[in-house]
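Structural overview
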Amino acid sequence: MKLVIGGYAQGKLEYVLSTYQLQADRVWEGVLPKDGECMEETVVVYQLHRWVRKRILEGGCPEEEIQSFLEGCKDCILICDEIGSGIVPAEPFERQYRERTGRILIQLAARAEEVWRILCGIGQRIK
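Notes on the structure in this doc start here. (Residues numbered from 1 in each chain as written. Predicted model: local features only at pLDDT ≥ 70, side-chain atom pairs only at ≥ 80, totals over all residues. Heavy atoms only, no water.)

Helical geometry: 3.6 residues make up each α-helical turn, so side chains three or four residues apart lie on a common side. Every buried residue belonging to helix α1 (residues 12-19) is among Lys 12, Leu 13, Tyr 15, Val 16 and Leu 17, and all of these are buried. In the core, the buried residues of α1 are packed alongside β1 (2-6), β2 (27-29), β3 (43-46), β4 (76-81), β5 (114-119) and β6 (122-125). Downstream of α1 by a residue or two, Gln 21 has a phi angle that is positive, lying close to 50 degrees. (Buried < 20%, exposed > 50% of the residue type's maximum accessible area, 1.4 Å probe, protein only. Helix = DSSP H or I, 4+ residues; strand = E, 2+ residues; numbered from the N terminus. Contact = heavy atoms within 4.5 Å.)

Following this line, the structure appears as structure tokens:
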């Protein structure tokens, strides 16, 4: 598994598709593929932070669900916006969402074989 992070509109998806020579039909935007949808090819999960938000709002446990997903889909690239920088949100839910997403990214980075940070379309390998 590879993890790609960076700010909003920094070219993360374009970088991944170009670097790993992947087609857009392998991209799952804001959702995780269901069991059996992880084929032999690499799967790209784009906007992981949106999936986390949705699962929290639905009462799910994204921390456990992402780990379970990775057991069945080992050849994947997870792309997530960095949402932990900047002004701390005033709303309690927004703070919780931000913190839980950050903790999930810490777990994913520890598990990933590679971690990339993208800034202005330029990738920097940080693990």
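Attention now moves to helix α4 (residues 92-111). The terminal C-alpha atoms of α4 lie 29 Å apart, and with 20 residues this matches the ideal 28 Å at 1.5 Å per residue to within 8%. Among all positions in α4, only Tyr 97, Arg 98, Arg 100, Thr 101, Ile 104, Leu 105 and Leu 108 are buried. Residues of α4 that are buried in the fold lie against β1, α2 (48-57), α3 (62-72) and β4. (Expected span 1.5 Å × (residues − 1).)

Attention now goes to the pairing of β6. In the sheet, β5 pairs with β6 via 4 bridges, with the strands oriented antiparallel. Each bridged residue has a counterpart across the sheet, and for Trp 116 the counterpart in β6 is Arg 125. Counted between consecutive antiparallel strands, the loop separating β5 from β6 contains 2 residues, among which Cys 120 sits at a positive phi close to 55 degrees. (Pairing = 2+ DSSP bridges.)

For the rest of this paragraph, the subject is the layout of surface pockets. There is about 350 Å³ of room inside the largest pocket. Forming the boundary of the largest pocket are 15 residues, of which Leu 32, Pro 33, Lys 34, Asp 35 and Phe 69 lie nearest the centre. When residues of the lining of the largest pocket are traced back to their parent elements, those giving at least two are α2 and α3. Broken down by element, the residue count for the lining of the largest pocket peaks at 4 residues, all from α3. Here the residues of the lining of the largest pocket sort into 7 nonpolar, 3 polar and 5 charged. (1 Å grid on protein atoms, 1.4 Å probe; cavity = no way out; pocket = protein on both sides within 12 Å on 5 of 7 lines; lining within 4 Å. Points joined across faces, edges and corners; volume = space filled by probe spheres on them. Nonpolar A, V, L, I, M, F, W, Y, C, P; charged D, E, K, R; others polar.)

No statement about biological role is implied by the geometric values presented.
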